[in-house]
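Examining the three-dimensional arrangement
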Amino acid sequence: MKKVMLVFGTRPEAIKMCPLVNELKTHNTMKTLVCVTGQHRQMLDQILDAFNVRPDYDLAIMKDCQTLFDITNSILEQIKTVLENEKPDVVLVHGDTSTTFVTALACFYLQIPVGHVEAGLRTYNIWSPFPEEFNRQAVSIISHFNFAPTEYSKNNLLREGRKPESIYVTGNTVIDALKTTVRNDYNHPCIEWAKNSRLIMITAHRRENLGKSMENMFRAIRHVMDEHPDVKAIYPIHMNPVVRSTADKILGGDERIKIIEPLDVLDFHNFLSRSYLILTDSGGIQEEASALGKPVLVMRDTTERPEGVDAGTLRLVGTKEEVIYNNFKKLLDDPEEYAKMSNAINPYGDGFASKKIADVLEECINKEVTV
């Protein structure tokens, strides 16, 4: 029986890979193995529990104040033994994390075929997002299977010279996850707290936004919140102590801004589904919110998800305080502008990406796979 191994290590990866793990396990012609690196720890474990996924291997690399050097070295040293012991027929990695890049590199060294889930996303600015843009471009060079979520991402891969027969447009697996997590009967004390108000969800953590850019973002949000008493905001804050310090300094002390610990995936998706709009510098949330019909202001200078911008579900607002303030205020004050974004068509798939990927693998790896 052919072996498929999935390797992931962060919370966003887990949200998008766990639906695929569970789909693959319904295909009895393949053996499915899971290796987590633990690049995130507590946040990763929450997702595994939510989707009832139990790893076969856990590298547990996370340590305090870890650097990109620490992550890279730890994964590369440990993944070699796992791959040599199991000898998988294909290894699936996701997106653009350090786990993804280092695992793909190890597979290249061992001549194991790589399947890249969420392949082809690009900003073409190697420094933004950092180091993710480098990671995903590097993985594409060696991927045997490129599972592109959209035609945009497929076309990026074709322009870069990837073989057309290696590219499969599947949609994004995060839409599959929403079918499991979003519930009509969901409730939570924070949702009760925001009742009868327009709920704003905030996420901000990107490495390139730390410092001045993040201060600009938070000042703009605070300014708009002060002007709109019918609005409340919830910010599930990242574990990074720099993010926490900046948020406490600028957003802390406002009774209509609730800064809370990171949410598990079930809570987070249901918070998104009950929100009015979202401000974020994250990646996957751009897809999740689009599928839920929630306008998103992307507080970044670039996005690898231009489909959402073109469709009208996302607006790229950068990190300048005045620009964020003006766009945030407009969506609160202009019902037509809000309706235009909230009614835009989701470009990220139909919720069957995992099945499409599993079907491709079942057909292909039961034939002769060559690197």
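What counts, and at which threshold
Residues numbered from 1 in each chain as written. Predicted model: local features only at pLDDT ≥ 70, side-chain atom pairs only at ≥ 80, totals over all residues. Heavy atoms only, no water. Helix = DSSP H or I, 4+ residues; strand = E, 2+ residues; numbered from the N terminus. Buried < 20%, exposed > 50% of the residue type's maximum accessible area, 1.4 Å probe, protein only. Contact = heavy atoms within 4.5 Å. Areas by Shrake-Rupley, 256 points an atom, 1.4 Å probe, with all protein chains shown as cover. Lys, Arg positive; Asp, Glu negative; His and termini not counted. Charge placed at Lys NZ, Arg CZ, Asp CG, Glu CD. Salt bridge = Lys/Arg side-chain N within 4 Å of Asp/Glu carboxyl O. Pairing = 2+ DSSP bridges. Right-handed = clockwise from strand over helix to strand, strands pointing away. Axes fitted to C-alpha atoms, helices over the stretch in contact; angles between N-to-C directions. Polar contact = N/O pair within 3.5 Å; in protein donor to acceptor, adjacent residues only side chain to side chain. Core = buried A, V, L, I, M, F, W, Y, C linked by side-chain atoms within 4.5 Å. Disulfide = S-S within 2.5 Å. Parallel < 35°, antiparallel > 145°, perpendicular 65-115°, else oblique. Left-handed = near helix turned anticlockwise from the far one by under 90°. Nonpolar A, V, L, I, M, F, W, Y, C, P; charged D, E, K, R; others polar.

1. Here's the deal with the overall build of the chain
From N to C terminus, the chain includes 16 helices and 13 strands. Counting only C-alpha atoms and orienting by the principal axes, one finds that the chain spans roughly 65 × 40 × 40 Å. Across the 371 residues that make up the chain, the buried fraction comes to 58%. Pairs at least 24 apart in sequence give 69% of the contacts found in the chain among residues at least 6 apart. Put simply, the chain shows about 15,400 Å² of open surface, and 51% of that area lies on carbon and sulfur atoms. Distance between charge centres in the chain, computed from 43 positive and 51 negative side chains, equals 1 Å.

2. Concerning the pattern of salt bridges
Here the idea is simple: oppositely charged side chains can pair when their charged atoms come close. One pass over the structure, following the stated rule, counts 30 salt bridges. Here Arg198 makes a salt bridge to Asp230, at a shortest N to O gap of 2.9 Å. Placement of the pair is Arg198 in strand 8 (residues 198-203) and Asp230 in the loop between helix 9 (212-227) and strand 9 (231-236), with a sequence separation of 32 residues. As a salt-bridge pair, Lys330 and Asp334 come within 3.4 Å of each other at their nearest N and O atoms.

3. Considering the pairing of strand 6 (residues 145-148)
Look at any regular strand and the pattern is simple: side chains alternate between the two faces of the sheet. Burial along strand 6 is two-sided: the residues Phe145 and Phe147 and Asn146 and Ala148 are all buried. Taken together, the three bridges between strand 5 (residues 114-117) and strand 6 define a ladder with parallel strand orientation. Note on strand 6: the bridge partner recorded for His116 is Asn146. This β-α-β element, strand 5 to helix 5 (residues 132-142) to strand 6, shows right-handed connectivity.

4. Points about the sheet that holds strand 8
Read from one edge of the open sheet, six strands run 10-9-8-11-12-13, paired in parallel fashion. Edge positions in the sheet fall to strand 10 (257-260) and strand 13 (314-316), since each of these pairs with one other strand and no more. Neighbour-to-neighbour, the strand axes of this sheet turn through a mean angle of 20 degrees, independent of strand direction. Looking at chain direction, strand 8 and strand 9 are connected through four bridges and run parallel. Looking across to strand 9, one finds that Leu199 is bridged to Lys232. Seen against the sheet, helix 12 (residues 284-292) touches strand 8, strand 11 (277-280), strand 12 (296-298) and strand 13 and runs at an angle of roughly 175 degrees to strand 11. Along the sheet, helix 14 (residues 321-333) contacts strand 8, strand 9, strand 11, strand 12 and strand 13; its crossing angle with strand 11, the most-contacted strand, is approximately 170 degrees.

5. Things to note about the side chain of Lys232
Within the secondary structure layout, Lys232 lies in strand 9. For the buried residue Lys232, which engages in no salt bridge, the nearest side chain bearing the opposite charge is Glu255, 8.0 Å off. There is a polar contact of 2.7 Å between the side chain of Lys232 and the backbone oxygen of Trp193.

6. Some remarks on the nonpolar core
Inside soluble globular proteins, nonpolar side chains tend to come together where they are buried. Core analysis: the largest hydrophobic core is formed by 54 residues, its most contacted members being Val4, Leu6, Phe8, Leu24, Leu92, Phe271 and Leu361. Every residue in contact with Phe8, bar those within four places of it in the chain, is listed here: Glu13, Ala14, Met17, Cys18, Val21, Val34, Cys35, Val36, Thr37, Leu44, Leu48 and Thr99. In terms of nonpolar packing, the next biggest core, distinct from the first, is built from 32 residues, Ala204, Tyr235, Leu297 and Ile324 among them.

7. Things to note about the sheet that holds strand 1 (residues 2-8)
Pairing in this open sheet of seven strands is parallel, and the strands run 3-2-1-4-5-6-7 from one edge to the other. Edge positions in the sheet fall to strand 3 (57-58) and strand 7 (167-169), since each has one partner strand and no second. In the packing of helix 1 (residues 11-24) onto the sheet, the strands contacted are strand 1, strand 2 (30-36), strand 4 (90-94) and strand 5, and the crossing angle to strand 1 comes to about 165 degrees.

8. So, the state of the cysteines
Scanning the model with the defined rule gives zero disulfides in all. Cys364 forms no disulfide, and the closest cysteine sulfur to it belongs to Cys107, at a distance of 17 Å.

9. Some details on the side chain of Asn270
By the secondary structure assignment, Asn270 is in helix 11 (residues 265-273). A polar side-chain atom of Asn270 sits 2.9 Å from the main-chain amide nitrogen of Arg183. Excluding anything up to four places from it in sequence, Asn270 contacts Thr181, Val182, Arg183 and Tyr186.

10. A short note on the packing of helix 7 (residues 173-181) against helix 12
At a minimum axis separation of 9 Å, helix 7 and helix 12 run at an interaxial angle of 55 degrees. With respect to each other, helix 7 and helix 12 are oriented oblique. Here helix 7 runs over helix 12; the crossing is right-handed. Across the interface between the two elements, Val174, Ile175 and Leu178 from helix 7 touch Glu287, Glu288, Ala291 and Leu292 from helix 12. The residue makeup of the contact of helix 7 with helix 12, split by class, is five nonpolar, no polar and two charged.

11. Description of the environment of Thr303
Here Thr303 is to be found in the loop between strand 12 and helix 13 (306-311). Given a relative accessible area of 12%, Thr303 falls into the buried group. Each C-alpha atom of the pair Thr303 and Asp89 lies 33 Å from the other, and the pair is 214 residues apart in sequence. Aside from chain neighbours lying at most four places away, what touches Thr303 is Arg122, Thr123, Gln286, Val309 and Leu316. Within the local environment of Thr303, its side chain forms a polar contact with the side chain of Gln286, the two groups lying 2.8 Å apart. A polar contact of 3.1 Å, which involves the side chain of Thr303, links it to the backbone nitrogen of Arg305.

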